[in-house]
Amino acid sequence: AQSVTQLGSHVSVSEGALVLLRCNYSSSVPPYLFWYVQYPNQGLQLLLKYTSAATLVKGINGFEAEFKKSETSFHLTKPSAHMSDAAEYFCAVSDRNAGNNRKLIWGLGTSLAVNP
Amino acid sequence: DAGVTQSPTHLIKTRGQHVTLRCSPISGHKSVSWYQQVLGQGPQFIFQYYEKEERGRGNFPDRFSARQFPNYSSELNVNALLLGDSALYLCASSGTVNTEAFFGQGTRLTVV
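What you see is a predicted model; the values in this text were computed from it and never measured.

What follows is about unusual backbone geometry. Leaving glycine out, the prevailing phi sign among residues is negative, and the prevailing peptide bond configuration is trans. Going from B:Ser7 to B:Pro8, the amide bond is cis rather than trans, its omega being -10 degrees. Looking at the element boundaries, B:Pro8 is found in the loop between β1 (5-7) and β2 (10-13). The phi dihedral of A:Thr72 falls on the positive side, at around 45 degrees, and the residue is not glycine. Counting through the fold element by element, A:Thr72 comes out in the loop between β8 (64-68) and β9 (73-78). According to the relative accessible area criterion, A:Thr72 is partly exposed, its value standing at 26%.

See below:
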């Protein structure tokens, strides 16, 4: 069964430092890959997605992620952290062969803290 | 355009009661999915509906049920509520071709 692993349940960085949030998937066929952000007491907002085009995907708020098939990874990065980036980040996958049965499988999330 | 809307935003119920949560998808979206997010964890898939038919079901007991209406809105019903059902219930809609799911703000259910 498809699964998603997010390494590090908590990540803390200084303002202006590089943000790196890790995500690995388990699938022989590369799935669709997503990163979502969740601010306290709010729903999930899509940061970026990988479907089948360029392996380096740029998203909102300066985030980007690179799909690496050989490593089955889709790590999220941002060159310079901002205080407003503090939130919970979720990696999710869906089976590209699922047609209209588009169930998302989620990682457990990584809580990002940004220190002044 | 309105995004995914869920109602109510907050709800308090007692054990054993029944609850109905509602979701209106983005206009034109025919797929609706429901997720349960317990505090401190990632979302867990409950149901997916497409064109009013159930297309997927997660590992949840039969106390959980859902349906989708002709206008593609959806309801999630939970019977015989347990304390462990306390969670944020998220609804997501997606179109036919685009796999991107758009989420509502969720319904915070507290069972006491």
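Picking up where we left off.
What follows covers the pattern of salt bridges. Under the defined criterion, the tally for this structure stands at 7 salt bridges over all chains. Among the ionic pairs, A:Lys58 bridges to A:Glu64, the shortest N-O distance being 2.8 Å. Overall, A:Lys58 belongs to the exposed group, its relative accessible area being 61%. When its relative accessible area of 23% is taken as the criterion, A:Glu64 is described as partly exposed. Ionic pairing is found between B:Arg63 and B:Asp85, a salt bridge with its closest N-O pair at 2.8 Å. Pair noted here: B:Arg63 is in the loop between β6 (53-57) and β7 (64-68) and B:Asp85 is in the loop between β8 (74-78) and β9 (87-94), with a separation of 22 residues, a long-range link. The exposure class assigned to B:Arg63 is buried, which follows from its relative accessible area of 18%.

The next subject is the layout of surface pockets. Considering only enclosed or pocket space, the largest pocket measures out at about 290 Å³ in volume. Taken together, 15 residues line the largest pocket, and the ones lying closest to its centre are A:Gln38, A:Pro40, A:Asn41, A:Glu88 and B:Leu39. The biggest single contributor to the lining of the largest pocket is strand β10 (residues 87-94) of chain A, with 3 residues. Grouping the constituent residues of the lining of the largest pocket by class yields 7 nonpolar, 6 polar and 2 charged. One number sums up the size of the second largest pocket: a volume of about 210 Å³. Around the second largest pocket, the lining residues are A:Lys103, A:Leu104, A:Ile105, A:Trp106, A:Leu108, B:Pro43, B:Gln44, B:Phe45, B:Gly58, B:Asn59 and B:Phe60. Partitioned by chemical class, the residues of the lining of the second largest pocket number 7 nonpolar, 3 polar and 1 charged.

Conventions we followed
- Residues numbered from 1 in each chain as written.
- Chains lettered and ligands numbered in written order.
- Predicted model: local features only at pLDDT ≥ 70, side-chain atom pairs only at ≥ 80, totals over all residues.
- Heavy atoms only, no water.
- Helix = DSSP H or I, 4+ residues; strand = E, 2+ residues; numbered from the N terminus.
- Buried < 20%, exposed > 50% of the residue type's maximum accessible area, 1.4 Å probe, protein only.
- Salt bridge = Lys/Arg side-chain N within 4 Å of Asp/Glu carboxyl O.
- 1 Å grid on protein atoms, 1.4 Å probe; cavity = no way out; pocket = protein on both sides within 12 Å on 5 of 7 lines; lining within 4 Å.
- Points joined across faces, edges and corners; volume = space filled by probe spheres on them.
- Nonpolar A, V, L, I, M, F, W, Y, C, P; charged D, E, K, R; others polar.

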